[in-house]
Amino acid sequence: MRPDASPFADSNIRHGGTIPGTGKPAFSLRMANPPATPILLAAPHAGRAYPDRVLRRMRQPDWARLRLEDRLTDKLAGEVAARTGAALLVAHAPRAMIDLNRCDTDIDWSMVAEPERRSAPRPHGECRARNGLGLVPRRLAGLGEIWRGPISGSDLDARIGQIHGPYHRELDGALDTIHRDWGGALLLDLHSMPPIGKRHPSDRPARFILGDRFGTSSDDRLVATALRSLAGAGATVAHNRPYAGGYILERHGKASEGRHAIQLEICRSLYLDDEWKGLTDGFSALVDILVTLVRNLSAEMQAITGDDRLPQAAE
């Protein structure tokens, strides 16, 4: 952050996309003008703006929401952005409606009502729809089918056109803006994960998992900085396993062009209660860890780009 800058000085808050049937924005971007750091924080699975008709169509809405949402990662990202000046992109549209970390062709067409749509061409490469977690999630372990019935093709098209497409265009544009000003940009994509079980009695399961799609979405120096920063806080950290990053990193992580992307999975037990519903006292300590992480990554980004502007705490 520039020495004379304050957090979000002259910042712009832009709302974008539309949640079909509500008129509510699908996401919000907050970014200082010019960008205060080369970092963009995102929370793509934090959305909790459920249309009533969507909740009515879910078989067990309360349970499914807890499992699908990266619960309150928007609160984490918001606190960290406020203290560091990092740009902030938060999804309001829920993952149950459309998963922003999936390609818009990764669709289980059998859940679409119109038979003619089921003959649509299938995507090549990674396809999460086969296990029930495609563009529109269909099944969850322990619950089975999420929905009471199929969705219409027009509903699917509206979700893609009004949520998915605009979100990724906004993310592209924000990274372009940061890149132009700083000579490089880093997306830190925040997610939450259920606690990982012990493999043996003395095992210390990872509380954080960094994903860079096995070295393809980010410069290794940034990943190494992140690993050191989290480990230095006394946390157990893993790299790429079991979460290496999905479509967001594949689309937006272009390390060779100075556009880096890292996915950070955070254990829910660090900041949520046992029911995964509310924040605990661990929230503040976790924010401190993430603030240090963002500052360290900002400094490393400036070392990589050769930008000599010094980051400054946005307290």
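The paragraphs below set out a description of the structure included in this document. (Residues numbered from 1 in each chain as written. Predicted model: local features only at pLDDT ≥ 70, side-chain atom pairs only at ≥ 80, totals over all residues. Heavy atoms only, no water.)

1. With respect to unusual backbone geometry
Then comes step 1: Omega for the peptide link from Asn33 to Pro34 comes to 5°, which places this bond in the cis form.
Then comes step 2: Looking at the element boundaries, Pro34 is found in the loop between β2 (27-31) and β3 (39-43).
Then comes step 3: The omega angle of the peptide bond from Arg241 to Pro242 is 5°, so this bond is cis rather than trans.
Then comes step 4: Tracing the sequence through the fold places Pro242 in the loop between β9 (237-239) and α6 (247-252).
Then comes step 5: In this model, Phe214 sits at a positive phi of 55°, which is unusual for a non-glycine residue.
Then comes step 6: Residue position: Phe214 is located in the loop between β8 (208-211) and α5 (220-232).
Then comes step 7: For Asn240, which is not glycine, the phi dihedral falls at a positive 75°.
Then comes step 8: When you line up the elements, Asn240 lands in the loop between β9 and α6. (Helix = DSSP H or I, 4+ residues; strand = E, 2+ residues; numbered from the N terminus.)

2. Looking at the packing of aromatic side chains
Then comes step 1: Applying the stated rule across the entire model yields 1 aromatic pair.
Then comes step 2: Between Phe27 and Tyr167, the ring centres sit 5.7 Å apart and the planes meet at 85°, which makes this aromatic pair edge-to-face. Here the residue Phe27 occupies a position in strand β2, and Tyr167 occupies one in helix α4 (residues 153-182), the gap between them amounting to 140 residues. Per residue, the accessibility class of Phe27 equals that of Tyr167, and both read buried. (Phe/Tyr/Trp six-rings, centres within 6.5 Å; stacked < 30°, edge-to-face > 60°. Buried < 20%, exposed > 50% of the residue type's maximum accessible area, 1.4 Å probe, protein only.)

3. Observations regarding the packing of α5 against helix α7 (residues 282-305)
Between two packed helices, what matters for the description is the angle formed by their axes and the separation of those axes.
Then comes step 1: Axis separation between α5 and α7 bottoms out at 9 Å; the angle between their running directions is 150°. Between α5 and α7, the interaxial angle falls into the category roughly antiparallel. Crossing geometry of α5 relative to α7 is assigned as right-handed. Across the interface between the two elements, Arg221, Leu222, Thr225, Ala226, Ser229 and Leu230 of α5 pack against Ile289, Thr292, Leu293, Asn296, Leu297, Glu300, Met301 and Ile304 of α7.
Then comes step 2: Here the residues of the contact of α5 with α7 are counted per class, giving 8 nonpolar, 4 polar and 2 charged. (Axes fitted to C-alpha atoms, helices over the stretch in contact; angles between N-to-C directions. Parallel < 35°, antiparallel > 145°, perpendicular 65-115°, else oblique. Left-handed = near helix turned anticlockwise from the far one by under 90°. Contact = heavy atoms within 4.5 Å. Nonpolar A, V, L, I, M, F, W, Y, C, P; charged D, E, K, R; others polar.)

4. Points about the pairing of strand β10 (residues 259-267)
Then comes step 1: The element β10 is extensively covered by neighbouring structure, given that 9 of its 9 residues are classed as buried.
Then comes step 2: What you see with β10 is no split at all: Arg259, Ala261, Gln263, Glu265 and Cys267 on one side and His260, Ile262, Leu264 and Ile266 on the other are buried throughout.
Then comes step 3: Bridge count between strand β7 (residues 185-193) and β10: 9 bridges; the pairing is parallel. Looking across to β10, one finds that Asp189 is bridged to Gln263.
Then comes step 4: Pairing of β8 with β10, which is carried by 4 bridges, proceeds in the antiparallel orientation. Bridged to Gly211 within β10 is Gln263. (Pairing = 2+ DSSP bridges.)

5. Notes on α4
Then comes step 1: An ideal rise of 1.5 Å per residue puts 44 Å on 30 residues; α4 measures up with 42 Å between its terminal C-alpha atoms.
Then comes step 2: Maximum bend of α4: about 35°, positioned at Ile160. (Expected span 1.5 Å × (residues − 1). Bend = angle between axes of the 7 residues up to and from the residue.)

6. Topic: the nonpolar core
Then comes step 1: Counting 47 residues, the largest nonpolar core has Leu40 and Leu156 as the members making the most contacts within it.
Then comes step 2: Only β2, β3, α2 (61-68), β4 (87-91), α4, β7 and α6 provide two or more residues apiece to this core.
Then comes step 3: A total of 9 residues in this core trace back to one element, the largest contributor, which is α4.
Then comes step 4: In contact with Leu156, other than residues within four places in its own chain, are Ile107, Trp109, Val112, Leu135, Val136 and Ile151.
Then comes step 5: Membership of the second largest hydrophobic core comes to 34 residues, among which are Leu188, Ile262, Tyr271 and Leu293. (Core = buried A, V, L, I, M, F, W, Y, C linked by side-chain atoms within 4.5 Å.)

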